[in-house]
Amino acid sequence: MLSYLAAALPPDMSAEGRLLALQCALRSNTSGQVHLPAGLLRGMRLARTLAPWDELEDARWLRRLPHPTEQTGHRTAAAQLLDAAVLTQEPARHERHRAADWALRAVSQPRLRALPAADRLTALVLAAHQSPDAGRTSMEADHLTRTCGIDQNTLTATLDRLVSVTAVRAWTFELFTEDVSWDPPDETSSRSAK
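From a predicted model like this one, the values you see are computed outputs, not experimental measurements.

What counts, and at which threshold
- Residues numbered from 1 in each chain as written.
- Predicted model: local features only at pLDDT ≥ 70, side-chain atom pairs only at ≥ 80, totals over all residues.
- Heavy atoms only, no water.
- Salt bridge = Lys/Arg side-chain N within 4 Å of Asp/Glu carboxyl O.
- Helix = DSSP H or I, 4+ residues; strand = E, 2+ residues; numbered from the N terminus.
- Buried < 20%, exposed > 50% of the residue type's maximum accessible area, 1.4 Å probe, protein only.
- Expected span 1.5 Å × (residues − 1).
- Arc of directions from axis to C-beta.
- Contact = heavy atoms within 4.5 Å.
- Pairing = 2+ DSSP bridges.
- Axes fitted to C-alpha atoms, helices over the stretch in contact; angles between N-to-C directions.

A.B. asks: Teacher, can you tell me more about the pattern of salt bridges here?
C.D. replies: Side-chain pairing between opposite charges can occur once the charged atoms of the two side chains come close. In this structure the tally under the stated criterion is five salt bridges. Among the salt bridges present, the one from Asp54 reaches Arg64, with a minimum N-O distance of 2.4 Å. With Asp54 in helix H4 (residues 51-58) and Arg64 in strand S2 (residues 62-65), the pair connects residues that are ten residues apart, well separated along the chain. Using a relative accessible area of 33% as the deciding quantity, one classes Asp54 as partly exposed.

Next up, the structure:
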């Protein structure tokens, strides 16, 4: 879904807009409607501003719906996705909901909470593309920057900040292949950050 959104969203979409679009795409029902609880938006650090919603509406990717307080008293944000192709993306709905929960946990880790949205999105993209054998993983730098909606200079600073909070152990840029390679966090720092 991250790769699909990299192609479907405008290149200048903010990291906040991309994180919101990811949750909307993964949590939408079969008719393209999504209801996001206020707590989920707070957990992702997206509840304080309407700017990501405005960006997605301006891009004609979704339309906000009026959604009063539910019977339980909890506030939700509601939208209708206008990108019909997003509903045809794999995986199926049940797996998308599991992926949405995983993505929420990934960007809400204590070590990432104080970082800017672009850093949290980059950490999510790296985790989603991590090699299953937990070794060093590589990704084309252009694909990584396009998926995160950042430029090469911003990527360098972002990866350095992810190293400083131990979200990754180390990273390198391979000049010949133009790939970014990174090492996952070690398990002991990963457990202590939870």
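A.B. asks: Please explain helix H5 (residues 93-107) as it appears in this structure.
C.D. replies: The periodicity of an α-helix, 3.6 residues per turn, causes residues three or four positions apart to be oriented the same way. With 15 residues, H5 extends 21 Å from end C-alpha to end C-alpha; this agrees with the ideal 21 Å at 1.5 Å per step. Taken together, the buried positions of H5 are Arg96, Ala100, Ala103, Leu104, Ala106 and Val107. Buried residues along H5 cover an arc of 160° about the axis, so they all sit on one side. Exposed residues pointing more than 90 degrees away from the buried face of H5 are listed as His94, Arg98 and Arg105. Where H5 is buried, its residues touch helix H2 (15-27), helix H3 (38-43) and helix H6 (117-128).

A.B. asks: Where do I start with unusual backbone geometry in this structure?
C.D. replies: Peptide bonds are trans in most cases, and residues, glycine excluded, mostly fall at negative phi. We note that Arg60 has phi near 60°; this positive angle belongs to a residue other than glycine. With respect to the helices and strands, the residue Arg60 is situated in the loop between H4 and S2.

A.B. asks: Explain the sheet that holds strand S1 (residues 33-37) to me, please; I cannot follow it from the model alone.
C.D. replies: Strand pairing in a sheet relies on backbone hydrogen bonds, with the paired strands running either antiparallel or parallel. What the three strands build is an open sheet, ordered S1-S3-S2; its pairing is antiparallel. Strand pairing shows two members of the sheet lacking a second neighbour, S1 and S2, which therefore form its edges. The sheet shows a mean angle of 30° between the axes of neighbouring strands, direction not considered. For S2 and strand S3 (residues 76-81), the ladder comprises four bridges, and the chain directions are antiparallel.

Geometry only, nothing functional implied.
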